[in-house]
Amino acid sequence: MEQSKKAKLIAILAIVLLVAALTVSATYFKRKTWADDKIRVVTTILPLADFVEQVGGNKVEVITMIAPGDSPHTVDFAPSKLEMLSQADVYVKVGTSVDFELALMGDFEALNPDMPVIDCSDGIMLLDGEGDQHDDEHGGDPHIWLSPINAKTIIENISDRLIAIDPENTAFYTQNTNDYLDQLDELDEYIEETLSEKTNRNIMIYHPSFGYFSNEYDLNQHAIEIGGSEATAKTLESSIRLARLYDLNYVFVSPQSEKDRDNAQLIAAETGGQIVKIDPLPVNYILNMRAIANAIAQELK
Ligand SMILES: [Zn+2]
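Residues numbered from 1 in each chain as written. Predicted model: local features only at pLDDT ≥ 70, side-chain atom pairs only at ≥ 80, totals over all residues. Heavy atoms only, no water.

(A) Examining the nonpolar core more closely. Ranked by size, the top nonpolar core spans 82 residues in total, and within it Y91 and F213 carry the most contacts. It is helix α10 (residues 285-299) that provides the largest number of residues to this core, a total of 8 residues. Taken domain by domain, the makeup of this core includes at least three residues from each of domain 1 (39-130 + 139-191) and domain 2 (198-299). (Core = buried A, V, L, I, M, F, W, Y, C linked by side-chain atoms within 4.5 Å. Buried < 20%, exposed > 50% of the residue type's maximum accessible area, 1.4 Å probe, protein only. Helix = DSSP H or I, 4+ residues; strand = E, 2+ residues; numbered from the N terminus. Domains from an automatic or database assignment.)

Pasting the structure below:
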């Protein structure tokens, strides 16, 4: 073999080995383990992780079962999380009819029987199920966290239990809780003000995740997907009719669900509008809720 060809081959081989090594180490580091000196908290969804971190600060370590970009209406999670779950100090569940929890909470608790479970929905009045329909089977609209007023109750639920687990740091948790409750009050005022001048209070959304939000801020949520089932030709047709009736030329979609987009696009196109993404599962709750208020204000007349 020619010398230069040989050198080239060796270089290629080295690159292949390097890539393989990096891939192995990436998988290795992804299999996280808990820090020794923190309260180990597992939650279902990202916004709850934000809430736990707001209250617990550097005294907690939090992981979520549902990865960023995934939907709580599926039951997928990384199996590697089960080991961390088995060593967790506390689980923070939404406590509503989130499909993921309905399917898996029993297994999670069996895996770590001494683990206390914080039910975020304690003290929150549940609205009827998805969209305008009654969802008896699943006991109400699951999306409680998308109202800042509910978020305040959730924060208090988390705070009470963290204090019970770690009473030595009561002052720390109480201070953090009060600070964040103030921020949630400011957020509530911001949303109220941002939407105050709007006379058309109808919003068109693909998945009915903004029931509590709409209830709080006097909006009418029109969902295309009702009761968690995909849109049919008939529901698409009636959504187009509604959009025309209320003069709505946009459809809100969540960034998590790819499959919504084509149908939403169809309806938006029929009314000369566009799809607008708003995120029901934010990493940073307050920033994102402000962005949602702005997005809604921009579309409403
Ligand atoms: Zn949902």
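(B) Spotlight on the coordination of the zinc ion. Summarising the metal site, the zinc ion is bound by the protein donors H73 (NE2), H143 (NE2) and H207 (NE2), whose distances to it range over 1.9 to 2.1 Å. For the zinc ion, the donor residues sit on a single chain with the sequence spacing H-x69-H-x63-H. You can see H73 sitting in the loop between β2 (60-64) and α3 (81-86) and its partner H143 sitting in the loop between β4 (117-119) and α5 (148-165), a full 70 residues away along the chain. A relative accessible area of 28% means that H73 is categorised as partly exposed. (Donors = N, O, S within 2.8 Å, 3.2 Å for Na, K, Ca; no water.)

(C) How the structure looks around the packing of aromatic side chains. Evaluation of the coordinates by the stated rule reveals 10 aromatic pairs. Here the aromatic rings of F100 and F108 are separated by 5.9 Å at their centres, their planes lie at 55°, and the arrangement is tilted. Its relative accessible area of 0% is what places F100 among the buried residues. For the pair F213 and Y217, a centre-to-centre distance of 5.0 Å together with 55° between the ring planes defines the contact as tilted. Taken individually, F213 and Y217 each receive the classification buried, so the pair is uniform in this respect. (Phe/Tyr/Trp six-rings, centres within 6.5 Å; stacked < 30°, edge-to-face > 60°.)

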